[in-house]
Amino acid sequence: MQMMADVMNMPIRIHKSEQTCALGAGMFAATAAGLYEKVEDAMNAMGSGFDAEYKPNRANVDVYAKRFQRYKMGDFLEN
């Protein structure tokens, strides 16, 4: 998860629920059914919180960004 946070350069939060996808579907369904005005309201009411949060490590972000630029350049040269 730390690597994902570094590559994406954004925080990654891990939900407490092991059924995050099903819970998210339920939140959207409840919003579509009119039980909540916004998905954010459903999230606040139905969510169970987070176990952990991974924040980007600036040194790693820079390394991955440089490697991605090299990857894109290689792709350009091969085509």
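Residues numbered from 1 in each chain as written. Predicted model: local features only at pLDDT ≥ 70, side-chain atom pairs only at ≥ 80, totals over all residues. Heavy atoms only, no water.

Let's talk about the packing of aromatic side chains
Turning to step 1, where the next piece is worked out: Considering all chains together, one arrives at 1 aromatic pair under this definition.
Turning to step 2, where the next piece is worked out: With centroids separated by 6.2 Å and ring planes inclined at 20 degrees, the aromatic side chains of F68 and Y71 adopt a geometry described as stacked. Of this pair, F68 and Y71 both sit in helix 4 (residues 58–78), 3 residues apart, which is roughly one turn of that helix.
Turning to step 3, where the next piece is worked out: Using a relative accessible area of 43% as the deciding quantity, one classes F68 as partly exposed. (Phe/Tyr/Trp six-rings, centres within 6.5 Å; stacked < 30°, edge-to-face > 60°. Helix = DSSP H or I, 4+ residues; strand = E, 2+ residues; numbered from the N terminus. Buried < 20%, exposed > 50% of the residue type's maximum accessible area, 1.4 Å probe, protein only.)

Some points on the layout of surface pockets
Turning to step 1, where the next piece is worked out: The volume enclosed by the largest pocket comes to roughly 340 Å³.
Turning to step 2, where the next piece is worked out: Along its surface, the largest pocket is lined by 16 residues, and H15, M27, M43, G47 and F50 are the ones closest to its centre.
Turning to step 3, where the next piece is worked out: If you list the elements that add at least two residues to the lining of the largest pocket, you get strand 1 (12–15), helix 2 (20–32) and helix 3 (39–46).
Turning to step 4, where the next piece is worked out: Of the residues forming the lining of the largest pocket, the biggest block, 7 residues, is contributed by helix 2.
Turning to step 5, where the next piece is worked out: Within the lining of the largest pocket, the residues separate by chemical class into 8 nonpolar, 7 polar and 1 charged. (1 Å grid on protein atoms, 1.4 Å probe; cavity = no way out; pocket = protein on both sides within 12 Å on 5 of 7 lines; lining within 4 Å. Points joined across faces, edges and corners; volume = space filled by probe spheres on them. Nonpolar A, V, L, I, M, F, W, Y, C, P; charged D, E, K, R; others polar.)

Nothing here speaks to function; it is all geometry.
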